[in-house]
Amino acid sequence: MPILPAPITNLSTALERLPGIGPKSASRLTFFLLRSPEEISRQLADALLVLKSSTALCKTCFNITSSSQEICDVCANPKRATGCICVVEEPLDVIAIESTAAFNGRYHVLNGVLSPIEGIGPEHLRIRELLERLRTEPVTEIILATNPSMEGDATALYLKQQLSQLGIHITRLARGLPAGGDLEYADQITLLRALSGRQEM
Ligand SMILES: [Zn+2]
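Predicted model only: the values in this text are computed from it and were never measured. (Residues numbered from 1 in each chain as written. Predicted model: local features only at pLDDT ≥ 70, side-chain atom pairs only at ≥ 80, totals over all residues. Heavy atoms only, no water.)

For the rest of this paragraph, the subject is the side chain of Asn 63. Looking at the secondary structure, you find Asn 63 in the loop between strand 1 (55–57) and strand 2 (64–66). Looking at Asn 63, the relative accessible area reads 10%, which means it is buried. (Helix = DSSP H or I, 4+ residues; strand = E, 2+ residues; numbered from the N terminus. Buried < 20%, exposed > 50% of the residue type's maximum accessible area, 1.4 Å probe, protein only.)

On to the sheet that holds strand 5 (residues 141–144). Strand order in this open sheet of four strands is 4-3-5-6, and the pairing throughout is parallel. Taken across any chain shown, the strands that pair with only one partner, and hence form the sheet edges, are strand 4 (106–109) and strand 6 (169–172). This sheet shows a mean twist of 25 degrees between the axes of neighbouring strands, independent of strand direction. Examined bridge by bridge, strand 3 (residues 84–88) and strand 4 share four bridges and lie parallel to one another. (Pairing = 2+ DSSP bridges. Axes fitted to C-alpha atoms, helices over the stretch in contact; angles between N-to-C directions.)

On the surface, a cluster of nonpolar side chains totalling about 420 Å² of accessible area is made up of Ile 3, Leu 4, Phe 31 and Leu 34. Residue Ile 3 is classed as exposed on the basis of its relative accessible area of 84%. (Patch = residues over 30% accessible without salt bridge, like charges linked within 9 Å, V, L, I, M, F, W, Y side chains within 5 Å. Areas by Shrake-Rupley, 256 points an atom, 1.4 Å probe, with all protein chains shown as cover. Salt bridge = Lys/Arg side-chain N within 4 Å of Asp/Glu carboxyl O.)

This paragraph deals with the coordination of the zinc ion. Distances from the zinc ion to its protein donors, Cys 58 (SG), Cys 61 (SG), Cys 72 (SG) and Cys 75 (SG), fall within 2.3 Å. Here the donor residues of the zinc ion share one chain and are spaced in sequence as C-x2-C-x10-C-x2-C. Assigned by exposure class, Cys 72 and Cys 75 land together as buried. (Donors = N, O, S within 2.8 Å, 3.2 Å for Na, K, Ca; no water.)

This part is about the pattern of salt bridges. Any two side chains of opposite charge can pair, given that their charged atoms come close. Counting across every chain of the model gives eight salt bridges. The closest approach of N and O atoms between Glu 129 and Arg 128, which form a salt bridge, is 3.7 Å. The buried category is assigned to Glu 129, whose relative accessible area is 16%.

Let us look at the environment of Ala 102. The residue Ala 102 is located in the loop between helix 5 (91–98) and strand 4 in this model. Judged by relative accessible area, Ala 102 falls into the exposed class, the value being 69%. Linking Ala 102 and Gly 20, residues 82 residues apart in sequence, is a C-alpha distance of 30 Å.

Further remarks concern the packing of helix 6 (residues 127–136) against helix 7 (residues 150–163). Interhelical geometry of helix 6 versus helix 7 gives an angle of 35 degrees and a closest axis separation of 12 Å. As helix 6 runs across helix 7, the sense of the crossing is right-handed. Note on element contacts: helix 7 touches helix 6 through Tyr 158, Leu 159, Gln 162 and Leu 163, opposite Ile 127, Leu 130, Leu 131 and Leu 134. The residue makeup of the contact of helix 6 with helix 7, split by class, is seven nonpolar, one polar and no charged. (Left-handed = near helix turned anticlockwise from the far one by under 90°. Contact = heavy atoms within 4.5 Å. Nonpolar A, V, L, I, M, F, W, Y, C, P; charged D, E, K, R; others polar.)

Next up on the list: the pairing of strand 6. In this structure, strand 5 lies alongside strand 6, joined through four bridges in parallel fashion. Residue pairing across strands places Ile 142 opposite Ile 170, the latter belonging to strand 6. Handedness of the strand 5-helix 7-strand 6 crossover: right-handed. (Right-handed = clockwise from strand over helix to strand, strands pointing away.)

The next thing to look at is unusual backbone geometry. We note that Phe 62 has phi near 70 degrees; this positive angle belongs to a residue other than glycine. Here Phe 62 lies in the loop between strand 1 and strand 2. When its relative accessible area of 8% is taken as the criterion, Phe 62 is described as buried. Positioned with a positive phi, Asn 111 is a non-glycine residue whose angle comes to about 60 degrees.

Side chains on a regular strand alternate between the two faces of the sheet. Note: strand 3 against strand 5, four bridges, orientation parallel. Paired with Ile 85 across the bridge in strand 5 is Ile 142.

Taking 1.5 Å per residue, 14 residues should reach 20 Å; helix 7 reaches 20 Å between its end C-alpha atoms and fits that length. Three or more residues of helix 7 are buried, namely Gly 152, Thr 155, Ala 156, Leu 159 and Leu 163. Down the axis of helix 7, the sector holding all buried residues measures 100 degrees, keeping them to one side. Summarising the geometry of helix 7, the exposed residues directed more than 90 degrees from the buried face are Met 150, Leu 157 and Gln 161. Summarising the contacts, the buried residues of helix 7 are in contact with strand 3, helix 6, strand 5 and strand 6. (Expected span 1.5 Å × (residues − 1). Arc of directions from axis to C-beta.)

Put into structure tokens, the structure is as follows:
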């Protein structure tokens, strides 16, 4: 005999599938919604329903855009430099780089990284589309901004090999010490990368 009615366990089970939500958080959220005014649940349900149907991928850079727009706001902005493309793994990486306000070029979102274990090869990423863009856009620099992980590094290396014949300047984000960090607490790899990525001052 289940202790809780099915509508409660159904919602808890659905919430548990979300990243970062364990069984306890899922129950807490479920009971919060149960106690809250119906309006809160309705707004959440409405937002979830239109999430997929109202968004699309930008036809040029594959960033997330509203389904009413063929291209995203960055690609549509004539003030953004056309000569430099920053290649990232996910749309969230675009938001992170945009928040620095230090980059005025355009993006290309791979929507993943190479991962032989998960069966993700170059054909699953937007690499062919990137090569197509380079044939038509006047690009002089590509910044490989994939994550500093094993998969991110492997993807950057693969892209470098693919792009090396095109005569385009290829750079990789410098990896260094976190702001406010202390040298003595940095791990060996971070310190090694900070040293090899040192800049003129
Ligand atoms: Zn775009």
